[in-house]
Amino acid sequence: MAIYQDIVQAKKENKKLLAILIDPEKVTIKECFDLSKKIIKSPATHVFVGGSTFSGAHLDELISIIKTTTKLPILIFPGHPSQISNEADGILFLSLLSGRNPEYLIEHHINSVDILAKSNLEIIPTGYLLIDGGKETAVQRVSQTLPIEQDNVDLAYKTAKAGEFLGKKLIYLEAGSGANQHVSLEMIRYVAQNIKIPLIVGGGIRSMKTIQEVYNAGADLVVIGTAFENDTNFFNL
Ligand code: 1GP
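- As named in an unreviewed UniProt entry, the chain is Geranylgeranylglyceryl phosphate synthase, taken from Flavobacterium celericrescens.
- Regarding the chain, the relevant UniProt record gives this comment under Cofactor (unreviewed entry): "Mg(2+)".
- Per UniProt, the chain carries the Catalytic activity (unreviewed entry) text "sn-glycerol 1-phosphate + (2E,6E,10E)-geranylgeranyl diphosphate = sn-3-O-(geranylgeranyl)glycerol 1-phosphate + diphosphate".

See the structure below:
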């Protein structure tokens with residue numbers, strides 16, 4: 001459990017982590033090479049690869065390009081077994097705890113077993129909570145589930161805590177890629193204060209100032225996708 005242990009250790013030392021998300025659906029192989037070169041110049045500590053709707057066709061190739069360019073741990077977070085790649089270092093094995101769709105709570109997981117049992121991927125059980133980001137996101141559309149309302153802090157907390165009690169190793173508060181509104185600082189603060197496992201926050205975070213606010217509220221790892229896609233100098237500003 002090297003990747004997970006490092007995340008836990010960073011939390012203990014209050015070292016904040018940053019993942020850059022690459023969505024295989026939006027990035028060609030050629031673009032991926034250029035993007036990887038930019039990632040090594042950024043403060044990223046992890047690379048996440050995932051998207052809600054892609055078919056997984058060029059995923060292995062894309063990840064091997066990232067691997068040749070950067071030494072950062074590469075984690076996939078697939079929404080479907082076809083989006084698993086053995087080229088990655090680990091997998092956030094997500095249960096969409098905010099939703100009530102059995103496919104995303106257990107069925108895709110069962111269908112992933114044959115692939116995962118033969119792989120060397122570090123499997124990190126992760127409770128995934130979709131929070132209302134102000135517009136319908138791909139996760140919502142694909143999973144056919146409703147997000148938790150931003151003002152329902154208590155439900156987000158209880159869902160995250162239930163995930164912890166179920167043995168999840170991480171909690172991921174997700175407003176959805178390109179969200180109008182990131183997860184509220186109040187919700188991050190309340191969830192972070194009341195769980196013991198590391199907290200990931202992503203979706204709609206578009207400035208260095210917001211990253212800092214999200215860290216200050218208690219996130220251990222922040223995920224940045226769209227902002228870096230749109231401007232690879234984002235972290236140099
Ligand atoms: C998606 O949280 C990530 O899982 C990234 O979202 O593209 O809005 O940064 P953005």
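Moving on from the model shown.
### A look at the site of the ligand
Okay, so step 1: Among the 14 residues in the neighbourhood of the ligand, the closest are listed as Ser177, Gly202, Gly203, Gly225 and Thr226.
Okay, so step 2: Only β8 (221–224) and α9 (226–230) provide two or more residues apiece to the shell around the ligand.
Okay, so step 3: Grouping the constituent residues of the shell around the ligand by class yields 6 nonpolar, 7 polar and 1 charged.

### Quick notes on the sheet that holds strand β5 (residues 122–130)
Okay, so step 1: Taken in spatial order, the 8 strands of this closed barrel run β1-β2-β3-β4-β5-β6-β7-β8, and their pairing is parallel. Strand-to-strand, the axes of this sheet are offset by a mean angle of 30 degrees, without reference to chain direction.
Okay, so step 2: Pairing of β5 with strand β6 (residues 170–174) involves 5 bridges; the strand directions are parallel. The residue bridging Leu129 from the neighbouring strand is Leu173, located in β6.

### A word on the packing of helix α2 (residues 29–40) against helix α3 (residues 59–69)
How two helices pack is summed up by the angle between their axes together with the distance between the axes.
Okay, so step 1: In the contact formed by α2 and α3, the axes pass within 9 Å of each other and the chain directions differ by 30 degrees. As summarised for this structure, α2 and α3 are arranged roughly parallel, according to the angle between their axes. The crossing of α2 and α3 is right-handed. Contacts from Ile29, Cys32, Phe33, Ser36, Lys37 and Ile40 in α2 reach Glu61, Leu62, Ile65, Ile66 and Thr69 in α3.
Okay, so step 2: Among the residues making up the contact of α2 with α3, the classes are represented as 7 nonpolar, 2 polar and 2 charged.

What counts, and where the lines are drawn
- Residues take numbers from 1 onward in each chain, read along the sequence in its written order.
- The predicted nature of this model means local features are confined to residues of pLDDT at least 70 and side-chain atom pairs, given and counted, to a pLDDT of 80 or more, with totals for whole chains, interfaces and linings taken over all residues.
- UniProt positions are given in the numbering used here, feature names are shortened, and annotations may be inferred rather than shown by experiment.
- A residue counts as near a molecule or strand when its C-beta atom, positioned from the backbone, falls within 6 Å of it.
- Counting from the N terminus, the helices are DSSP H or I runs at least four residues long and the strands are E runs at least two residues long.
- Three categories are distinguished: nonpolar for Ala, Val, Leu, Ile, Met, Phe, Trp, Tyr, Cys and Pro, charged for Asp, Glu, Lys and Arg, and polar for the others, with Gly belonging to the last.
- For two strands to be treated as a pair, DSSP must find no fewer than two bridges joining them.
- Axis lines are fitted to C-alpha atoms, over the contacting stretch for helices. Their N-to-C directions set the angle, which ranges from 0 to 180 degrees.
- Relative orientations are named as follows: roughly parallel for angles under 35 degrees, roughly antiparallel for angles over 145 degrees, roughly perpendicular for angles from 65 to 115 degrees, and oblique for any other angle.
- What makes a crossing left-handed is the near helix being turned counterclockwise from the far one by less than a right angle; a clockwise turn instead makes it right-handed.
- By the convention adopted here, residues are in contact when the distance between their C-beta atoms, placed from the backbone, does not exceed 7 Å.

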